[in-house]
Amino acid sequence: MTVGIIGAGQLGRMMALAGYPLGLDFRFLDRSTDTPGGQVAPLLAGDFTDRRLLRRLARGASVVTFDWENVPVEPLRALADKVEFAPPLAALAAAQDRLSEKRLFERLGVPTNRFAPVEGERDLAGAFARIGPGVLKTRRLGYDGKGQFRVRSRADLAPALAALGGAPLLYEEFVPFDCEVSVIGARSTRGEIAVYPLNGNVHVDGILRLTRAPWGTPALARAAARHLARVLEHFRYTGVLTIEFFVRGGRLIANEMAPRVHNSGHWTIEGAETSQFENHLRAILGMPLGSTRPRGHAAMVNLIGELPARAAALGEPGLHWHDYGKSPRPGRKIGHCTLVEATAARRDRRVRALLPRLAPGVRVPFPRTG
Ligand SMILES: Nc1ncnc2c1ncn2[C@@H]1O[C@H](COP(=O)(O)OP(=O)(O)O)[C@@H](O)[C@H]1O
Ligand SMILES: [Mg+2]
């Protein structure tokens, strides 16, 4: 069975690596010829809107899936009678636009922060008057904190518009959160749902640095899983879906969702009985889902900008090294490391000691296990 993957970044690469033991084959489509995915499977290079290339990707594929959600949906709709897309294109479309995402959360009763669409100065002034301090974000194409401007006072309004103006925008309430979490789960073509334990995430300058899992109280994890299931059922979703939340005073506030495997789930490769990548493939191919049970207490640290010394890291017992095969560039995710320990206390002790080496020069906040 062949799986077509749109986007050949590290997520696609890890998906392929998880699929080979299942006997699957992969084919990527990406704009670039130099990609993490293209190093492990055949790559078609060209535009995501190129119908000829999309047809070649789909030819003979059991299903076409995504490692990146910001793909124009219309050219894909034109192919919908030729090949199955998973996740469904409606979910992809909703997740491409922060405004439709927030409206979806509201409609489904998933608590979220206050927000307003912004087209210009008047909208923004009105939104600030109603909502107070917040964040102005581009509705589309933001990632790793890009396309965002923090608004603390009225004086920030003009610079925020100047920085992001032109594109359709969303203004949302700033949440002084206690911590951030994400929930990852899969729904299969048979309607089976499997949800992973909650992830505790730490971002620095908008980029994920550290994930620890399992995180939070059982009640918090249950609430997050309930919200996730609501979105999964709404779309009759197939594949892995992620929702990111702020946590404040023990309550979940949905930030955004990703219709795909997620950076905060990389720990599942070594830290869970079935990885998010394998479960995504099982889900979209109609196989039974694998257990999401954790194998211990995991920590995942992103390697950003430059890779630290590999030999020293590999000398650390139990440290798993993932190099995405990307060239180093400031702010770029080029790999990650995972540690799995028998207790949360031991995991925290070890990862704290390792952080200065894995994220040199970056002060990574280390909230107490929530
Ligand atoms: N409204 C907000 N209140 C507080 N922090 C925020 C808010 N929006 C974004 N952030 C911070 O910026 C990070 C990245 O923002 P996010 O909306 O998740 O965009 P991205 O698509 O770049 O991940 C969040 O994980 C959080 O740390
Ligand atoms: Mg995010």
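What you see is a predicted model; the values in this text were computed from it and never measured.

**Q** Residues and numbers for the overall build of the chain, please.
**A** Each helix and strand counted, the chain has 12 helices and 17 strands in total. Computed over C-alpha atoms, the radius of gyration of the chain comes to 20 Å, within 12% of the 21 Å expected from 2.2 N^0.38 for 370 residues, which places it in the range of a compact globule. Along the three orthogonal principal directions, the C-alpha set of the chain runs to about 55 × 50 × 40 Å. Each of the 370 residues in the chain was classed as buried or not, and the buried ones make up 44%.

**Q** Describe the sheet that holds strand E4 (residues 63-66), naming the residues involved and giving the relevant values.
**A** An order of E3-E2-E1-E4 is seen for the four strands of this open sheet, with the pairing classed as parallel. At either end of the open sheet lies a strand with only one pairing partner, and these are strand E3 (43-45) and E4. Across the sheet, the axes of successive neighbouring strands diverge by a mean angle of 25°, strand direction being ignored. Relative to strand E2 (residues 25-30), strand E1 (residues 2-6) runs parallel, the two sharing five bridges. Along E2, the bridge assignment pairs Val3 with Phe26.

**Q** Break down the site of ligand 1 for me, citing the residues and quoting the values.
**A** Looking at ligand 1, there are 15 residues lining it, with Val135, Phe174, Val175, His203 and Gly206 nearest. For the shell around ligand 1, a count of residues per class yields four nonpolar, six polar and five charged. Counting contributing residues, the shell around ligand 1 receives three or more from each of domain 2 (114-173) and domain 3 (179-358).

**Q** I'd like a rundown of unusual backbone geometry, residues and numbers included.
**A** Only a minority of non-glycine residues have a phi that is not negative, and only a minority of peptide bonds are not trans. A cis amide bond links Ala86 to the next residue, Pro87, at an omega of 0°. Here Pro87 lies in the loop between helix H3 (74-77) and helix H4 (89-95). The omega torsion across Ala213 and Pro214 is -5°, close enough to zero to call that bond cis. Along the chain, Pro214 turns up in the loop between strand E12 (207-213) and helix H8 (218-234). Of note in this structure, Leu141 is not a glycine but carries a positive phi near 70°. Checked against the element boundaries, Leu141 lands in the loop between strand E6 (134-138) and strand E7 (148-151). Notably, Asp205 is not glycine yet its phi reads approximately 50°, a positive angle.

**Q** How would you summarise helix H5 (residues 98-107) if you had to cite specific residues and measurements?
**A** Along H5, the residues that are buried comprise Arg98, Glu101, Lys102, Leu104 and Phe105. Along the axis of H5, the buried positions cluster into a sector of 155°, meaning they face one direction only. Positive phi shows up at Gly109, right after H5, with a value of about 75°.

**Q** Describe the sheet that holds E6, with residues and values.
**A** Spatially, the four strands line up as an open sheet ordered E5-E8-E6-E7, and their pairing is antiparallel. The strands lining the two open edges of the sheet, one partner per strand, are strand E5 (115-118) and E7. Ignoring strand direction, the axes of neighbouring strands in this sheet form an average angle of 20°. Sheet analysis places E5 next to strand E8 (residues 169-173), joined by four bridges and oriented antiparallel. Looking across to E8, one finds that Pro117 is bridged to Leu170. Against the sheet, helix H6 (residues 121-131) makes contact with E5, E6, E7 and E8, and its axis sits at roughly 170° relative to E5, the strand it touches most. Helix H7 (residues 157-164) rests against E6, E7 and E8 of the sheet, and its axis sits at about 180° to E7.

**Q** I'd like a rundown of the domain arrangement of the chain, residues and numbers included.
**A** Assigned domains of the chain: these are domain 1 (2-85), domain 2 (114-173) and domain 3 (179-358). Taking only C-alpha atoms, the centre of domain 1 and the centre of domain 3 are 23 Å apart. Between domain 1 and domain 3, the contact holds 18 residues from the first and 16 residues from the second. Taken together, the elements giving at least two residues each to the side of domain 1 that touches domain 3 come down to helix H1 (10-19) and E4. In terms of residues, the side of domain 1 that touches domain 3 owes the most to one element, H1, which gives seven residues. Its residues assigned to classes, the side of domain 1 that touches domain 3 shows 10 nonpolar, five polar and three charged.

**Q** Give me the lowdown on the nonpolar core, citing residues and values where you can.
**A** Counting residues in hydrophobic clusters, the biggest one holds 84 residues, and the most contacted among them are Met15, Val183, Ala224, Leu228, Phe245 and Val301. In terms of residues, this core owes the most to one element, H8, which gives seven residues. Domain assignment of the residues forming this core places at least three in each of domain 1 (2-85) and domain 3 (179-358). Apart from residues no more than four positions distant in its own chain, Leu228 is found in contact with Val183, Gly185, Val195, Leu241 and Ile243. Judged by nonpolar contacts, the second largest core, of 12 residues, contains Val118, Leu124, Leu136 and Leu170.

Reading the values: the criteria
- Residues numbered from 1 in each chain as written.
- Chains lettered and ligands numbered in written order.
- Predicted model: local features only at pLDDT ≥ 70, side-chain atom pairs only at ≥ 80, totals over all residues.
- Helix = DSSP H or I, 4+ residues; strand = E, 2+ residues; numbered from the N terminus.
- Rg over C-alpha atoms; globule rule 2.2 N^0.38 Å.
- Buried ≥ 20, exposed ≤ 12 C-beta atoms within 10 Å, placed from the backbone.
- Pairing = 2+ DSSP bridges.
- Axes fitted to C-alpha atoms, helices over the stretch in contact; angles between N-to-C directions.
- Near = placed C-beta within 6 Å.
- Nonpolar A, V, L, I, M, F, W, Y, C, P; charged D, E, K, R; others polar.
- Domains from an automatic or database assignment.
- Arc of directions from axis to C-beta.
- Contact = placed C-beta atoms within 7 Å.
- Core = buried A, V, L, I, M, F, W, Y, C linked by C-beta atoms within 7 Å.

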